[in-house]
Amino acid sequence: MKVFGPDDHDALCLLREFLNIQFITGDKVGFNISQKRIVDDMKFPLDMVSVVHRIDWINKRYSLNEVIYMGDGIFDHYVMKQVGYSIAPANADTLAKQHANFVTQRAGGDRAVAEACLHILEKFFRPYNPDQLPTPEKSGNGNEAYG
């Protein structure tokens, strides 16, 4: 089951102003579910990339030292060790958490992505200002991206 928590999409929309957001998965069985949620509903790019080839795939497209990678699986630590910054949700595999630069307090599916986005904004860009209402942007399907 591919689950995003409440606020995850809104936080990703706050963050996309500052960087390119790319989803990757190695889950062939769940790809259609991920594609529906990520590409069709959320309007973010998604690619199928085996974890065995993931670091090479990332390296061909991006400068590794400029990549922020979020993962939770037993093989994600291989990527986390080679990118500029890595994040794991609270319920990630132990190796992923050990190699992450930041571990969220929340679990995946329970606002972990939103927490990670706010952390990235604060650490690398401009902290989210809870006293300033975000300006809605179009998500690409005619819907406003913030709720």
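Residues numbered from 1 in each chain as written. Predicted model: local features only at pLDDT ≥ 70, side-chain atom pairs only at ≥ 80, totals over all residues. Heavy atoms only, no water.

## Observations regarding the confidence of the model for the chain
The test is simple: For every residue, the pLDDT score states the predictor's confidence, bounded by 0 at the bottom and 100 at the top. In what follows, residue pairs with any heavy atoms lying within 4.5 Å of each other are defined as contacts.
With 90% of its residues at a pLDDT of 70 or more, the chain shows a mean pLDDT of 90. Predicted confidence is poor over residues 138-143, with pLDDT under 50, and the contacts of this stretch with residues over four places away or in other chains come to ten contacts.

## Remarks on the pairing of strand E4 (residues 85-88)
The criterion, for reference: Residue exposure (1.4 Å probe, protein chains only): buried if accessible area is under 20% of the type maximum, exposed if over 50%, otherwise partly exposed. To qualify as a helix, a DSSP run of H or I must reach at least 4 residues; to qualify as a strand, a run of E must reach at least 2; elements of each kind are numbered from the N terminus. Here a strand pair is declared whenever DSSP counts at least two bridges between the two strands.
Burial along E4 is two-sided: Tyr85 and Ile87 and Ser86 and Ala88, pointing in opposite directions, are all buried. Note that strand E3 (residues 68-70) and E4 share three bridges and pair parallel. Looking at E4, one finds that Ile68 is bridged to Tyr85. Judged from the two bridges that link them, E4 and strand E5 (residues 102-103) form a sheet pairing that is parallel. Pairing of Ile87 across the sheet is with Phe102, part of E5.

## Regarding the sheet that holds E3
Here is the rule: An axis is simply a line fitted to the C-alpha atoms; with a helix, the fit covers only the stretch in contact. Between two such axes, the angle follows the N-to-C directions and lies from 0 to 180 degrees.
Strand order in the open sheet formed by three strands is E3-E4-E5, and the pairing between neighbours is parallel. The open sheet has two free edges, formed respectively by E3 and E5, since each of these has just one partner strand. Most of the contacts of helix H6 (residues 112-124) go to E4, to which it runs at about 150 degrees, and overall it touches E3, E4 and E5.

## Digging into unusual backbone geometry
Despite not being glycine, Lys43 shows a phi value in the positive range, around 65 degrees. Relative to the helices and strands, Lys43 is located in the loop between helix H2 (31-41) and strand E2 (46-48). Residue class for Lys43 comes out partly exposed when judged on its relative accessible area of 31%. A positive phi angle is found at Arg111, which is not glycine, with a value near 75 degrees. When you line up the elements, Arg111 lands in the loop between E5 and H6.

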